[in-house]
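Notes for the structure review
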Amino acid sequence: MKLKSLLVSLGLLAGASIAQAEEPLKVGFVYVGPVGDLGWSYEHDMGRKGLEEYFGDKVKTTFVENVPEGADAERVITQLAKAGNDLIFTTSFGFMNPTVKVAKRFPKVTFEHATGYKLSKNLGTYVLRTYESRYISGVTAGMMTKTNTIGYIGSFPIPEVIRDINAVYMGAKSVNPDVKIKIVWANTWYDPGKETDAANALMDQGVDVMLQHTDSPAPLIAAEKRGLRAIGQASDQSKFAPNAHIFSVRDNWAPYYIKEVQAVMDGTWQSKDFWGGIQDDMLTLASINPNLPKDVRAKIDSTYAMIKSGEFKPFTGPIKDNKGNIAVPANHSLTDVELAQVNWYVEGITDKIPH
Amino acid sequence: MDSDLIVQILFAAIKTGTPLLFIALGEVICEKSGTLNLGQEGMMLMGAVVGFLAAYGTGSAGLGVLAAMLMGALMSMIFAVLVLHLGANQVATGLALTIFGTGLSAFIGSGVVGQTIQGFQPIAIPFLSDIPFLGRILFNHDILVYFSFVMTFALIYIVNKTRIGLILKAVGENPHAANAIGIKVLRVRYLAVMFGGIMAGVSGAYMSLVYTPMWVENMTAGRGWIALALVVFASWRVGRIMLGAYLFGLASIMHLVLQGLGWSISPNLLAMLPYVATVIVMVIISADRFKEKLLAPRSLGKPFDPRNMA
């Protein structure tokens, strides 16, 4: 018995050393929220798991969750680089400057930063075209609202969020000329309690369809309690609010992560600013509520198809900003570089962008 | 602003203030006995997750609250044994308790992430809820909010009017004197710490069963820390804690409401208000040496060893 277990463990040791001989590519991930947020960070972690599933023993992944944006992030990213990770994904806007700094100190490590815009030789960026799915959300909200008032919980007034608010409003306006949008800034990516407060504050003021740029399902639950409607964010959030839930926009990171890891393995990785959206299957509509009116459902499907085929791009001129200036000239679609710099509201949004 | 909106804002302020009220009531009793427990956030998270698990498993939100209370008590006893029995540093132990609770709650709750339950439903109190204006603000809540009303008034009475209150204050002000007249100092402190844990548990349950009826990691998002500030803000007076909790609640609601109304006022500024208020109170308290002594329990944070009568 003892001999047998000894032999088994020897065998295991031998196996382990063989595996070590073929060193796996080490990939690190830094998340801003908990992996259990069932939103943004959760989907990044699903991407990480997709990576492990696809490559098996050839990759070894680690992640650090709940990392505050700022100085702490730099420490975490440095640790991951020191621990021998070959490729590090930092997955929140606020990790931008820390990632740039660490990338400079570890030139042999490859870094990728989500939603940012600073590139260097060993640092690339990747962004989701969430404005595409938010345009569809806007179209849907514009058709579903009975009070002609839709609500948006903003996280921070950065270009990504402002761009998406514009997309929602343009989508809603395209089907409902009387629609108004009310915007509340929660100043957090993730705080279920505060997101609930924000949703309630908006619904107290006549909003009957809720959209959000924060990561928890709390606003959906708040809408469910009042018998109103909401659209899920980043991940399939339908089970939190079976009646209120219209659909969820699901982020799908695995295809991108697999592509990038493969490139690093092959030695073909190059720094670039990557934008992925509906056309790349990186944004999908999950759990569309079966009880939607038929015309709404048809409009969702047709808008989705038009964006998927490339026939329609939401930021195509002429678009005026809310001060009356031409923001996008006729026959022009904003380029990725221009999209990354949107700091104006479209005509019809009466709010001011906070600083 | 029409009156309907004002009612809704004040109603929401009470709801938002309630978890703060629970946890701060527990902490103030704990601190009045001379023990500073910085483990609020950890105890609250454990209460939230265990409360949710119990409510999910049994289908009864009431049992969820009971389980959360037990869990809070258990967590606080870990703290009490380390600090009161073994004389460990209170600040360090409390911080450790918070870190421990944050991690452990995420671990044991991972199975129910994404599950939903039927939380408490609001109960309109007959007659009282018909009072114009006030009725809709105060008497249209769920049972835990009413429980927080009852607890607050009971504690005001107990602390200020009863022998138990006197004993508690004596232990917090001068444990050696209290010991000399035969009060079991450590026993009183154990009970006060346990009460703090129970209230933290209820506060957590309020988050996961009423406020946002679900469990996600770190869902209390720092409310335990706000409660600590609240105790100082209220200068260790139970009645003022209720007032302070609702003011904190109102401030956090207002900055959302005003934005929705299209006021161009910096949300960061408004979100800062409660903390600014706390700092101001701290400054006022500590500017006056006499007042400082009058307000904070004098032996707060100091260990007491009955065998060592220095």
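As named in an unreviewed UniProt entry, chain B is ABC transporter permease, taken from Marinomonas profundimaris. Looking at the Subcellular location (unreviewed entry) heading of the UniProt record, one finds this comment for chain B: "Cell inner membrane".

Per an unreviewed UniProt entry, chain A carries the name ABC transporter substrate-binding protein and comes from Marinomonas profundimaris.

Let us now look at the environment of valine 296 of chain A. Residue and element names in this part refer to chain A. Take valine 296: it is sitting in helix H10 (residues 294-308). Between the alpha carbons of valine 296 and alanine 141 there is a distance of 9.4 Å; along the sequence they are 155 residues apart. Every residue in contact with valine 296, bar those within four places of it in the chain, is listed here: Thr140, Met143 and Met144.

Turning our eyes to something else, we now look at unusual backbone geometry. Residue proline 318 of chain A is bonded to the preceding glycine 317 of chain A through a cis peptide linkage, with omega at 0°. Located in the positive-phi region is phenylalanine 133 of chain B, a residue other than glycine, with phi close to 65°.

Applying the stated criterion across every chain yields a total of 25 aromatic pairs over all chains. Relative to tyrosine 257 of chain A, the ring of tyrosine 256 of chain A has its centre 6.2 Å away and its plane inclined at 55°; by these criteria the two rings are tilted. The pair tyrosine 256 of chain A / tyrosine 257 of chain A is uniform in exposure class, with both members buried. An angle of 65° between the planes, with centres 6.2 Å apart, marks the rings of tyrosine 146 of chain B and phenylalanine 149 of chain B as edge-to-face.

Turning next to empty space enclosed by the protein. Residue and element names in this part refer to chain A. Counted under the stated rule, the structure contains 2 cavities of 30 Å³ or more. Taken as a whole, the largest cavity spans an internal volume of roughly 230 Å³. Along its surface, the largest cavity is lined by 22 residues, and Trp40, Thr130, Arg134, His213 and Gln233 are the ones closest to its centre. Where the lining of the largest cavity is concerned, the elements lending two or more residues are helix H5 (130-144), strand S8 (209-212), strand S9 (229-232) and strand S10 (245-251). The element best represented in the lining of the largest cavity is H5, accounting for 4 residues. For the lining of the largest cavity, the class distribution of residues is 9 nonpolar, 9 polar and 4 charged. Taken as a whole, the second largest cavity encloses approximately 120 Å³ of empty space. Lining the second largest cavity are Phe93, Thr115, Gly116, Tyr117, Val127, Ile158, Pro159, Glu160, Arg163, Trp275 and Ala340. Considering every element that reaches the lining of the second largest cavity, the biggest residue donor is helix H6 (residues 159-175), with 3 residues. Classifying every residue of the lining of the second largest cavity by side-chain character gives 7 nonpolar, 2 polar and 2 charged. Of the domains in this structure, domain 1 (23-128) and domain 2 (130-250 + 283-339) are the two that each give at least three residues to the lining of the second largest cavity.

Glancing now at the pairing of S10 of chain A. Residue and element names in this part refer to chain A. Burial within S10 is extensive, with 6 of its 7 residues counted as buried. Where S9 meets S10, 2 bridges bridge the pair, whose relative direction is parallel. Note on S10: the bridge partner recorded for alanine 230 is histidine 245. Pairing between S10 and strand S12 (residues 283-286): 4 bridges, direction antiparallel. For serine 248, the partnering residue across the bridge sits in S12 and is alanine 286.

Turning next to the interface of chain B and chain A. Residue-level contacts link 31 residues of chain B with 35 residues of chain A. Counting each side, the surface lost to burial between chain B and chain A is near 2,500 Å², with a carbon and sulfur contribution of 57%. At the boundary of chain B and chain A, one finds 1 salt bridge. Seen at the junction of chain B and chain A, the total is 5 residue pairs in polar contact (both at pLDDT 80 or more). If you list the elements that add at least two residues to the side of chain B that touches chain A, you get helix H1 (3-32), helix H9 (185-211), helix H11 (238-260) and helix H12 (267-287) of chain B. Per-element accounting of the side of chain B that touches chain A gives the leading share, 6 residues, to H11 of chain B.

Here we come to the domain arrangement of chain A. Residue and element names in this part refer to chain A. Domain boundaries in chain A define domain 1 (23-128) and domain 2 (130-250 + 283-339). When each unit is reduced to the centre of its C-alpha atoms, the spacing between domain 1 and domain 2 is 28 Å. With 13 residues of domain 1 in contact, the opposing surface of domain 2 contributes 17 residues. Across the domain 1 to domain 2 interface the summed buried area is about 1,200 Å²; carbon plus sulfur atoms make up 62%. Contact with domain 2 buries area across many residues of domain 1, yet Leu38, Glu43 and Leu128 alone supply 40% of it, more than any other trio. Here domain 1 and domain 2 share 4 residue pairs in polar contact (both at pLDDT 80 or more) between them. Secondary structure elements with two or more residues in the side of domain 1 that touches domain 2: helix H2 (40-55) and strand S5 (123-128). Residue composition of the side of domain 1 that touches domain 2, by class: 7 nonpolar, 3 polar and 3 charged.

What follows is about the pattern of salt bridges. Residues and elements named next belong to chain A. The full count for this structure, using the stated rule, is 17 salt bridges over all chains. One salt bridge in this structure joins arginine 48 and aspartate 45, with 2.7 Å as the shortest N-O distance. With a gap of 3 residues between them, arginine 48 and aspartate 45 both fall in helix H2, about one helical turn apart. We classify aspartate 45 as buried; its relative accessible area is 5%. A salt bridge links lysine 49 to aspartate 45, with the nearest nitrogen and oxygen atoms 3.8 Å apart. Of this pair, lysine 49 and aspartate 45 both sit in helix H2, 4 residues apart, which is roughly one turn of the helix. Overall, the relative accessible area of 43% leaves lysine 49 in the partly exposed class. Salt bridges sharing partners connect three or more residues here, namely Asp45, Arg48, Lys49 and Glu52.

Conventions used here
Residues numbered from 1 in each chain as written. Chains lettered and ligands numbered in written order. Predicted model: local features only at pLDDT ≥ 70, side-chain atom pairs only at ≥ 80, totals over all residues. Heavy atoms only, no water. UniProt positions renumbered as here; feature names shortened; annotations may be inferred. Helix = DSSP H or I, 4+ residues; strand = E, 2+ residues; numbered from the N terminus. Contact = heavy atoms within 4.5 Å. Phe/Tyr/Trp six-rings, centres within 6.5 Å; stacked < 30°, edge-to-face > 60°. Buried < 20%, exposed > 50% of the residue type's maximum accessible area, 1.4 Å probe, protein only. 1 Å grid on protein atoms, 1.4 Å probe; cavity = no way out; pocket = protein on both sides within 12 Å on 5 of 7 lines; lining within 4 Å. Points joined across faces, edges and corners; volume = space filled by probe spheres on them. Nonpolar A, V, L, I, M, F, W, Y, C, P; charged D, E, K, R; others polar. Domains from an automatic or database assignment. Pairing = 2+ DSSP bridges. Buried area = accessible area lost by both parts, 1.4 Å probe. Salt bridge = Lys/Arg side-chain N within 4 Å of Asp/Glu carboxyl O. Polar contact = N/O pair within 3.5 Å; in protein donor to acceptor, adjacent residues only side chain to side chain.

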